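Per-entry structural report
If you want the building blocks of each chain, they are given just below.
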Amino acid sequence: MPRLTRVVALPAVLVLLLAAASLRADEKVDFTRDIRPILSNACFQCHGPDEGTREADLRLDRQDAAFGDRGGYSAFVPGKPDASEALRRMMADDPDERMPPADSGKKLTAGQIELVKRWIEQGADWSEHWAFVAPVRLDLPRVERAGWARNPLDTFVLARLERERLSPSSEADRVTLLRRASLDLVGLPPEIEDLDEFLADDSPAAFEKQLDRLLASAHYGERWGRHWLDAARYADSDGFEKDKPRWVWFYRDWVVRALNRDLPYDRFVIEQIAGDLLPDADQDQLVATGFLRNSMINEEGGVDPEQFRMEAMFDRMDAIGKGILGLTIQCAQCHSHKYDPVTQADYYRMFAFLNNAHEGSIAAYTPDEQMRQADLFRRITGIEADLRHRHPDWPERMAAWEEQVRGDQPEWTIVRPQLDTSGGQKHYLLEDGSILAQGYAPTKHTTEFEIRTDMEHITAARLELLNDPNLPLGGPGRSIFGLCALTEFHVVAAPADRPHEKQEVKIVSATADANPPEQELASVFSDNSKRRRVTGPVEYAIDRKDETAWSIDVGPGRSNVPRKAVFAFEKPVAFPGGAVLTFKLAQNHGGWNSDDNQNNNLGRFRFSITGAERP
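Residues numbered from 1 in each chain as written. Predicted model: local features only at pLDDT ≥ 70, side-chain atom pairs only at ≥ 80, totals over all residues. Heavy atoms only, no water.

Things to note about the overall build of the chain
- Scanning the chain from terminus to terminus reveals 19 helices and 15 strands.
- Its C-alpha atoms put the chain at 100 × 75 × 55 Å along the principal axes.
- Across the 615 residues in the chain, those meeting the buried criterion constitute 38%.
- Surface summary for the chain: the accessible area is close to 35,700 Å², and the carbon and sulfur share equals 54%.
- Charge separation in the chain, taken as the distance between the mean sites of 76 positive and 100 negative side-chain charges, equals 2 Å. (Helix = DSSP H or I, 4+ residues; strand = E, 2+ residues; numbered from the N terminus. Buried < 20%, exposed > 50% of the residue type's maximum accessible area, 1.4 Å probe, protein only. Areas by Shrake-Rupley, 256 points an atom, 1.4 Å probe, with all protein chains shown as cover. Lys, Arg positive; Asp, Glu negative; His and termini not counted. Charge placed at Lys NZ, Arg CZ, Asp CG, Glu CD.)

In structure tokens:
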């Protein structure tokens, strides 16, 4: 058993070399199977794709270079072993001429050198790596027992058997045949009723009928989807540290359905790599891009979101390389690939196509939920049509009202704060002065943002909650439903020339364009205790109670809408020369319960100040 274990664990390259060494004397040497592994293992490190380690300006991974004239000689000359400089160097007795050199740690066996010689003698036929060659339909080989084959695949199998001077096994009985087919196609043994039906069917197409039944089964996609889900790194948990559960089974089901409906392979690939870029992309096409988003996620408090965004990017590249290109491309992340024709420049050209956004999560709906959604939109459209019919001047009245509202608003000055550096959740300051929260999101924390202003008279502060810049329908909160909850809003002020003289600013009123009714949340904490937590109108953000919070949850269909809240000061902040203001956001309503797994922190927000008398 130990010896068997060691044989099974042999590297793939060594297995190929052993297979090549066992060729019969009259057998054609195959470049891909027999010669490329020898060159790759012994030569490509110094004479391969990586120009940084290439010696003598010689490449043996490309046909034009390996056969090209190098000033009166060539590395390989088809049909002429004695004229092939590479073979001469492999066979050289002089250590200074022998290749590979002794200090490389690599050595060719006599059997390998003999294979290279035979390949040259047979004409040195060259073939590219299969991943770069378009598949072609082969002509059927000639066989002696042509009547044995029932389909083209049988013919290829029989040709190999005859070449090895072997005879086909006897035909399996019907029970065995159906069991094999059932396990192969759906991963389950056949039911007794299916076996009885097959045994009782004497028609020539009996087996084909069973195959059609199995291919039509929903279990077909489940059985074969498993292989693609492995390539797509699919998992039901995050992988790192907490290994929290992730709710991405919509992608798993998409793969299963794609196989069951026989989605053409080009569409299968396009929708997974660029489904979100297709014109008028539907939910299925957005879900399909889960292929790119199955990376492990680290939500440990000390992580750098940008680092793990990059980790996810490299993982995507690896998945595309192995799953779609049929090629490992990881080496080119750090240098041009030494054994495959992938340069570092090629790697990052492809990388640039994917590295263009900080993605958020999207909400996906079941067919029943989509029907309900369509019904709601239909009813809304009907109500709007009725209003337009009964009030033809409604658009003009609304425009006039909106103009009046805008005219009543004070002038607000957007301020750009210094970012909170307390650790945990990370923040990024965008060009418009807004702050984007990313990475790990604590369920209970307070962040501080300091600004300096020349304004000498400040009467109120405004907090804007904005959509995610990379997902127009994402946010303003970090919940997958776009929601968030603000437990408390504090402002601390100090003179600009004496920033250490900080005093809390008393806020006497708060107004907002979203004021939902009180809602009590069932909360389960890590110690399994239950504590009362409530969300509701914006006044809850200034009541100095840790169990209450301002929420923007005003009902279905209105979650992903920017919101504003204004906090009026009891007395103006008035300092000659300007002020230093610190905005403190207490967010203690993070994970609302152990089931919804929601992140309810603010996602993107912006601060403004005004000196208006009635803000």
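What follows continues from the structure just given.
Things to note about the sheet that holds strand 14 (residues 579–587)
- Ordered in space as 4-14-7-8, the four strands form an open sheet in which the pairing is antiparallel. The open sheet terminates on both sides in strands that have one partner only, identified here as strand 4 (445–453) and strand 8 (503–504).
- As paired strands, strand 7 (residues 488–495) and strand 14 are joined by eight bridges and run antiparallel to one another. Its bridge partner being in strand 14, Val492 is matched across the sheet by Thr582. (Pairing = 2+ DSSP bridges.)

Here we look at the pairing of strand 14
- Counting buried positions over the nine residues of strand 14 gives eight, a clear majority of the element.
- Pairing of strand 4 with strand 14 involves nine bridges; the strand directions are antiparallel. The partner of Thr446 across the bridge, within strand 14, is Ala586.

A closer look at the packing of aromatic side chains
- A full pass over the atoms with the stated rule returns 24 aromatic pairs.
- Centroid distance Tyr251 to Trp254: 6.4 Å. Interplanar angle 15°. Geometry classified as stacked. You can see Tyr251 and its partner Trp254 sitting in helix 13 (residues 249–260), three residues apart, about one turn around the helix.
- The class of Tyr251 is buried, set by a relative accessible area of 2%.
- Classification of Trp254 as buried rests on a relative accessible area of 0%.
- With centroids separated by 5.6 Å and ring planes inclined at 15°, the aromatic side chains of Trp254 and Phe268 adopt a geometry described as stacked. With Trp254 in helix 13 and Phe268 in helix 14 (residues 265–274), this pair connects stretches of sequence that are 14 residues apart.
- Assessed through its relative accessible area of 7%, Phe268 is described here as buried.
- Connected via pairs of aromatic rings, a cluster forms that spans Trp228, Tyr251, Trp254, Tyr265, Phe268 and Phe291.
- Lying over the aromatic face of Phe198, Arg174 brings its terminal NZ or CZ to 4.5 Å of the ring centre.
- Across the ring face of Trp224, the terminal group of Arg223 is positioned such that the distance to the ring centre comes to 4.6 Å. (Phe/Tyr/Trp six-rings, centres within 6.5 Å; stacked < 30°, edge-to-face > 60°. Lys NZ or Arg CZ within 6 Å of the ring centre and 35° of its normal.)

Describing the pattern of salt bridges
- The tally for this structure, following the rule as stated, stands at 34 salt bridges.
- Asp284 is the partner of Arg257 in a salt bridge, and the nearest nitrogen-oxygen pair spans 3.2 Å. Of this pair, Arg257 sits in helix 13 while Asp284 is found in helix 15 (residues 283–288), placing the two residues 27 residues apart along the sequence.
- By relative accessible area, Arg257 is classed as partly exposed at 36%.
- Salt bridges sharing common partners tie together Asp432, Arg462, Glu464, Arg604 and Arg606. (Salt bridge = Lys/Arg side-chain N within 4 Å of Asp/Glu carboxyl O.)

Looking at the nonpolar core
- If you look at the biggest cluster of nonpolar residues, it comprises 35 residues, and the most contacted ones within it are Leu463, Phe489, Phe567, Phe583 and Phe607.
- Only strand 4, strand 5 (458–465), strand 7, strand 9 (507–512), strand 13 (563–573), strand 14 and strand 15 (604–610) provide two or more residues apiece to this core.
- Residues in contact with Phe489, not counting those within four places in the same chain, are Ala461, Leu463, Ile507, Ala541, Ile542, Arg544, Phe567, Phe583, Lys584, Leu585 and Phe607.
- The next biggest cluster of nonpolar side chains, apart from the first, holds 27 residues, and it includes Met313, Met317, Ala319 and Val342. (Core = buried A, V, L, I, M, F, W, Y, C linked by side-chain atoms within 4.5 Å. Contact = heavy atoms within 4.5 Å.)

Some thoughts on the packing of helix 9 (residues 174–186) against helix 12 (residues 218–231)
- Following both chains from N to C, one finds helix 9 and helix 12 inclined at 70°, their axes separated by 6 Å at the closest point. Regarding the angle of helix 9 to helix 12, the classification is roughly perpendicular. Residues Leu183, Asp184, Leu185 and Val186 of helix 9 lie in contact with helix 12, whose contacting residues are His219, Tyr220, Arg223 and Trp224.
- Residue composition of the contact of helix 9 with helix 12, grouped by class: five nonpolar, one polar and two charged. (Axes fitted to C-alpha atoms, helices over the stretch in contact; angles between N-to-C directions. Parallel < 35°, antiparallel > 145°, perpendicular 65-115°, else oblique. Nonpolar A, V, L, I, M, F, W, Y, C, P; charged D, E, K, R; others polar.)

Points about the side chain of Thr459
- On the secondary structure map, Thr459 appears in strand 5.
- Assessed through its relative accessible area of 7%, Thr459 is described here as buried.
- What Thr459 contacts, discounting residues up to four positions off in sequence, is Phe567, Ala568, Phe569, Pro572, Thr610, Gly611, Ala612 and Pro615.

Observations concerning helix 11 (residues 206–215)
- When helix 11 is considered as a whole, its buried residues turn out to be Ala206, Gln210 and Leu214. Angular distribution of buried residues about the axis of helix 11 spans 75°; they occupy a single face of the element. (Arc of directions from axis to C-beta.)

Examining the packing of helix 13 against helix 14
- Taken N-terminus to C-terminus, the directions of helix 13 and helix 14 make an angle of 165°; their axes are 11 Å apart at the nearest point. Taken together, the axes of helix 13 and helix 14 lie roughly antiparallel to each other. The way helix 13 lies across helix 14 gives a crossing that is right-handed. Residues Tyr251, Trp254 and Ala258 of helix 13 pack against Phe268, Glu271 and Gln272 of helix 14. (Left-handed = near helix turned anticlockwise from the far one by under 90°.)

Topic: unusual backbone geometry
- Met99 connects to Pro100 through a cis peptide bond whose omega is -5°.
- With respect to the secondary-structure elements, Pro100 resides in the loop between helix 6 (85–91) and helix 7 (110–121).
- Unlike most non-glycine residues, Asp57 shows phi in positive territory, near 50°.
- In this fold, Asp57 is placed in the loop between helix 4 (44–47) and helix 5 (63–67).
- The exposure class assigned to Asp57 is exposed, which follows from its relative accessible area of 62%.
- Here the phi dihedral of Arg544 falls at roughly 60°; this positive angle occurs in a residue that is not glycine.
- The topology assignment puts Arg544 in the loop between strand 11 (530–536) and strand 12 (548–551).
- Taking relative accessible area as the criterion, Arg544 reaches 40% and is therefore assigned partly exposed.

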